[in-house]
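# Coordinate inspection notes
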Amino acid sequence: MASERQKAANRANAKNSTGPKSPDGKRNAARNARRHGLSGKWATSRETLEARALAEAFCLDDCQLSFQDAVAIAAAVLRLQDVTRIAQEMVQFALQSVDDGVPPELREDLARISILRRLGPLDDYERRAFGSLRKHIRRIK
Amino acid sequence: MRLMLGRSTFRNPSDQVEAEGLLGVLARELQAKSTLQMLLVQRLSGLFIEIRQLRSAVATAVTLQRPAAAREIITPGFNHFYPAAASTTQTVGAYETAYGAFMSGGGEELAKRDDARVIAEALSVLATNGMREEALNEVAYILALPTIERLERLIATKHGEEEALIEQLLRMIDRQKRIIDLQSSKELTSGGC
C-alpha cells in the first residue's frame with residue numbers, strides 16, 4: 001500500500017501531466033478514441049456539403065428527381081464510398097502486423113481475417129447507407 | 001475510365017486498376033449516362049472487387065487451418081484438448097483427466113511438430129484409410145467455420161447490394177429509354193401534322 005509521502009508525490013506528478021496544452025496536441029488527442037470516423041460530427045457535416053453539390057449534378061441530369069431525394073441519394077453514395085475506403089485502409093494498416101514469413105499471396109487475406117471483428121460495425125453502416133440509397137432511388141418515377 | 005469524384009477506393013493498386021477497368025465495361029454494357037448512373041456503376045464495380053477479396057479470404061482461412069486439421073486427423077480430439085494447454089487451471093474433473101492422458105500420449109509433441117511434416121503424415125493416414133486428400137480441406141473448413149461465418153456475413157451484405165443495384169440500374173435505364181421513345185414518337189407525330 002502506498003505511503004502518504006508516495007500519495008503526495010503521485011498527486012504532484014499527476015499535476016504535471018494533465019493532457020495536451022497546444023491546439024495541435026488537443027486536436028491529436030481528440031482523435032485518440034476515433035475508430036473509423038463515420039459517426040463523427042465533422043464526417044456528417046462534410047458529407048452534407050459534398051452531398052448537396054453532388055445532388056445538384058443529379059438534378060441537372062434528371063429533372064424529375066426532387067432535390068431532397070437527390071441529396072439523400074448523394075449522401076448515401078458518399079457514405080458507401082467512405083465505408084469501402086475505410087475498410088480498405090484498415091486492411092492496409094493491418095498488413096503491417098502480418099508476419100514476414102507469410103507468403104505474399106496470403107498476406108492481404110490474413111490481414112483482412114485479423115480485423116474481421118472491426119469490419120463488422122462497418123458492415124452495419126453499409127447496410128444502413130444502402131437501405132437509404134435504395135429507398136430514395138425507388139422514389140424516382 | 002475516370003472515377004467519379006476523383007476518389008480511389010482501393011489502396012491496393014492492382015485492385016484499383018481492376019475496378020476502373022470493370023467500371024468502363026459495366027458503364028458500356030449497362031449504357032450508364034447520367035452522373036447518378038455512373039456513380040451506381042462505380043459502386044457496382046467496387047462491390048465485385050470487394051466480394052472477390054472476401055472470397056479469397058475465405059479460401060485463405062481454410063488454408064490456414066490445414067495444419068490444425070492435419071493434427072486433428074492424426075490425433076482425433078487434438079484441437080479440442082490442445083487450446084486448453086494455455087489455461088489448465090480451468091480444466092476440472094473428467095476433462096482434466098482426459099486432457100492429462102491426451103498430453104502424456106504425445107499431444108504436446110504433436111503441437112510442436114513441423115506443419116509440413118504433420119500434413120504429410122495426415123495425408124498418409126487418409127490414404128491408409130481409403131479416404132481422399134480433400135478430407136484434409138474438409139476438416140480445415142470445419143475448423144475455419146467461425147471465421148468463414150463472419151466473412152460470409154460481409155459477402156451476403158455485398159451480394160444483396162449488388163443485386164439491388166443491378167435491378168435499380170436496369171430500371172433507371174429502361175425508364176430513360178421509354179422517355180426517349182416517347183419524345184421521338186411525339187416529334188414524329190408533330191412532324192406528320
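Let me begin by describing the structure that accompanies this report. (Residues numbered from 1 in each chain as written. Chains lettered and ligands numbered in written order. Predicted model: local features only at pLDDT ≥ 70, side-chain atom pairs only at ≥ 80, totals over all residues. Heavy atoms only, no water.)

## Comments concerning a nonpolar patch on the surface
Residues and elements named next belong to chain B.
- The grouping of Tyr-141, Ile-142 and Leu-145 at the surface amounts to a nonpolar patch, some 290 Å² of accessible area in total.
- Considering the arrangement of structural elements, one finds Leu-145 in helix H8 (residues 145-192).
- A residue is classified by how much of its surface remains accessible, and Leu-145, at 40% relative accessible area, is partly exposed. (Patch = residues over 30% accessible without salt bridge, like charges linked within 9 Å, V, L, I, M, F, W, Y side chains within 5 Å. Areas by Shrake-Rupley, 256 points an atom, 1.4 Å probe, with all protein chains shown as cover. Salt bridge = Lys/Arg side-chain N within 4 Å of Asp/Glu carboxyl O. Helix = DSSP H or I, 4+ residues; strand = E, 2+ residues; numbered from the N terminus. Buried < 20%, exposed > 50% of the residue type's maximum accessible area, 1.4 Å probe, protein only.)

## Topic: helix H6 (residues 116-137) of chain A
- Given a rise of 1.5 Å per residue, 22 residues ought to cover 32 Å, and the 31 Å separating the end C-alpha atoms of H6 of chain A matches this to within 8%.
- Listing the buried residues of H6 of chain A in full gives Leu-116, Leu-119, Leu-122, Asp-123, Tyr-125, Glu-126, Ala-129, Phe-130, Leu-133, His-136 and Ile-137 of chain A. (Expected span 1.5 Å × (residues − 1).)

## Digging into the interface of chain B and chain A
- The partner chain A presents 38 residues to the 39 residues of chain B that form the contact.
- Inspection of the chain B/chain A interface yields two salt bridges.
- Here Glu-126 of chain A ties to Arg-43 of chain B by a salt bridge, and the two come within 3.1 Å at their closest N and O atoms.
- For the interface between chain B and chain A, the tally reads 13 residue pairs in polar contact (both at pLDDT 80 or more).
- Within the residue set of the side of chain B that touches chain A, elements represented by two or more residues are helix H2 (35-64) and H8 of chain B. (Contact = heavy atoms within 4.5 Å. Polar contact = N/O pair within 3.5 Å; in protein donor to acceptor, adjacent residues only side chain to side chain.)

## Points about the environment of Lys-26 of chain A
Residues and elements named next belong to chain A.
- You can see Lys-26 is positioned in helix H2 (residues 23-30).
- Classification of Lys-26 by relative accessible area gives partly exposed; the value is 47%.
- Each residue touching Lys-26, except ones within four places of it in the same chain, is listed here: Pro-20 and Lys-21.

## Here we look at the pattern of salt bridges
- Counted by the stated rule, this structure contains 19 salt bridges over all chains.
- Residue Asp-15 of chain B pairs with Arg-52 of chain B through a salt bridge whose shortest N-O separation is 2.7 Å. Of the two residues, Asp-15 of chain B sits in helix H1 (residues 13-29) while Arg-52 of chain B sits in helix H2, which places them 37 residues apart along the sequence.
- One salt bridge connects Arg-132 of chain B with Glu-138 of chain B, and the closest N-O pair in it is separated by 3.6 Å.
- What makes Arg-132 of chain B exposed here is its relative accessible area of 52%.
- Taking the relative accessible area as the measure of exposure, Glu-138 of chain B reaches 41% and is therefore partly exposed.
- Three or more residues are tied together by salt bridges with common partners; here these are Glu-126 of chain A together with Arg-43, Glu-50, Lys-158 and Glu-161 of chain B.

## Let's talk about unusual backbone geometry
Residue and element names in this part refer to chain B.
- Of note in the backbone geometry, Gln-31 takes a positive phi value of approximately 55° without being a glycine.
- Assignment of secondary structure puts Gln-31 in the loop between H1 and H2.
- Overall, Gln-31 belongs to the partly exposed group, its relative accessible area being 38%.

## Overview of the side chain of Glu-108 of chain A
- Secondary-structure assignment places Glu-108 of chain A in helix H5 (residues 104-114).
- On the basis of relative accessible area, Glu-108 of chain A is assigned to the buried category, the value being 15%.
- In this structure, Glu-108 of chain A is in contact with Val-91, Gln-92 and Leu-95 of chain A together with Asn-12, Asp-15 and Gln-53 of chain B, ignoring residues within four places of it in sequence.

## Structural notes on the packing of helix H3 (residues 66-74) of chain B against helix H6 (residues 115-128) of chain B
Residues and elements named next belong to chain B.
- Here H3 crosses H6 at 50°, and the two axes come no closer than 8 Å. Considered as vectors, H3 and H6 are oriented oblique to each other. Our pair here, H3 against H6, has a crossing hand that is left-handed. Each of Arg-66, Pro-67, Ala-70, Arg-71, Ile-73 and Ile-74 in H3 lies in contact with H6, whose residues at this interface are Asp-115, Val-118, Ile-119, Glu-121, Ala-122, Val-125 and Leu-126.
- Tallied by class, the residues present in the contact of H3 with H6 amount to nine nonpolar, no polar and four charged. (Axes fitted to C-alpha atoms, helices over the stretch in contact; angles between N-to-C directions. Parallel < 35°, antiparallel > 145°, perpendicular 65-115°, else oblique. Left-handed = near helix turned anticlockwise from the far one by under 90°. Nonpolar A, V, L, I, M, F, W, Y, C, P; charged D, E, K, R; others polar.)

## Brief notes about the nonpolar core
- Of all hydrophobic cores here, the largest spans 39 residues; its most connected members are Leu-119 and Leu-122 of chain A together with Leu-136 and Leu-151 of chain B.
- Every element with two or more residues in this core is listed here: helix H4 (67-95), H5 and H6 of chain A together with H2, H3, H6, helix H7 (134-143) and H8 of chain B.
- It is H4 of chain A that contributes the most residues to this core, seven residues altogether.
- Excluding residues that lie within four positions of it along the chain, Leu-136 of chain B makes contacts with Arg-66, Ala-69, Ala-70, Ile-73, Ile-119, Ala-122, Leu-123 and Leu-126 of chain B. (Core = buried A, V, L, I, M, F, W, Y, C linked by side-chain atoms within 4.5 Å.)

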